[in-house]
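Observations on chain architecture
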Amino acid sequence: MRLTTKGRFAVTAMLDLALRESGGPVTLAGISERQGISLSYLEQLFGKLRRAQLVESVRGPGGGYTLARTVADISVADIIVAVDEPVDATQCGGRENCHDNHRCMTHDLWTSLNATIFDYLSKITLASLVDNQKAKDTSVVQDQRTLRRTAACSDAIAGSNAA
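Notes on the structure in this doc start here. (Residues numbered from 1 in each chain as written. Predicted model: local features only at pLDDT ≥ 70, side-chain atom pairs only at ≥ 80, totals over all residues. Heavy atoms only, no water.)

A word on the packing of aromatic side chains. A complete count under the given rule lists two aromatic pairs for this structure. Ring geometry for phenylalanine 9 versus tyrosine 41: centroids 5.8 Å apart, planes at 85 degrees, classification edge-to-face. With phenylalanine 9 in helix 1 (residues 5–20) and tyrosine 41 in helix 3 (residues 39–51), this pair connects stretches of sequence that are 32 residues apart. (Phe/Tyr/Trp six-rings, centres within 6.5 Å; stacked < 30°, edge-to-face > 60°. Helix = DSSP H or I, 4+ residues; strand = E, 2+ residues; numbered from the N terminus.)

Turning next to the side chain of aspartate 16. As for its placement among the helices and strands, aspartate 16 is situated in helix 1. In this structure, aspartate 16 is in contact with Val26, Ile31, Arg34 and Gln35, ignoring residues within four places of it in sequence. (Contact = heavy atoms within 4.5 Å.)

Let us now look at the pattern of salt bridges. Evaluation of the coordinates by the stated rule reveals four salt bridges. The salt bridge partner of arginine 34 is aspartate 16, with a shortest N-O separation of 2.7 Å. With a gap of 18 residues between them, arginine 34 in helix 2 (residues 28–35) and aspartate 16 in helix 1 connect regions that are remote in the sequence. Among the residues examined, arginine 34 registers a relative accessible area of 38% and is labelled partly exposed. Of the charged contacts, one joins arginine 69 and aspartate 78 as a salt bridge, the two residues approaching to 3.6 Å between their closest N and O atoms. Judged by its relative accessible area of 33%, arginine 69 falls in the partly exposed class. What makes aspartate 78 partly exposed here is its relative accessible area of 28%. It is possible to trace a salt-bridge network through shared partners that takes in Asp16, Arg20 and Arg34. (Salt bridge = Lys/Arg side-chain N within 4 Å of Asp/Glu carboxyl O. Buried < 20%, exposed > 50% of the residue type's maximum accessible area, 1.4 Å probe, protein only.)

The following block contains the structure:
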């Protein structure tokens, strides 16, 4: 099974939106700049996300995008399905014609894997991704504070040793 950049970028952009929408609508230009995703590609993805009713667009000055549902009500699977990303480990796309126009011996294995992956992605909400990201951001800030204190202490010790 392979998840293409379309699915990865859609999830990344939705996470960026979820993290920032408390300040009002989020622009695609901002997401593009922060995440390194082309603006035209984001426009295509957000058109699909809007049609799937995962995001809403706000027009005019200060416009952009907001989530159409709560972060707890949007799963990673919802996002991937919205952008037409197939979650399919079969070679035949589920048509059962993968071996000389017949079903291959391992078709049921790959079909079961598809169901397992989809079930897993359905259980991961945007809320859990937001929580994970905020926890990481908090630990990075704490690590930076610790480094500054350590550096300040080292400078103080070096200064007292020089005297």
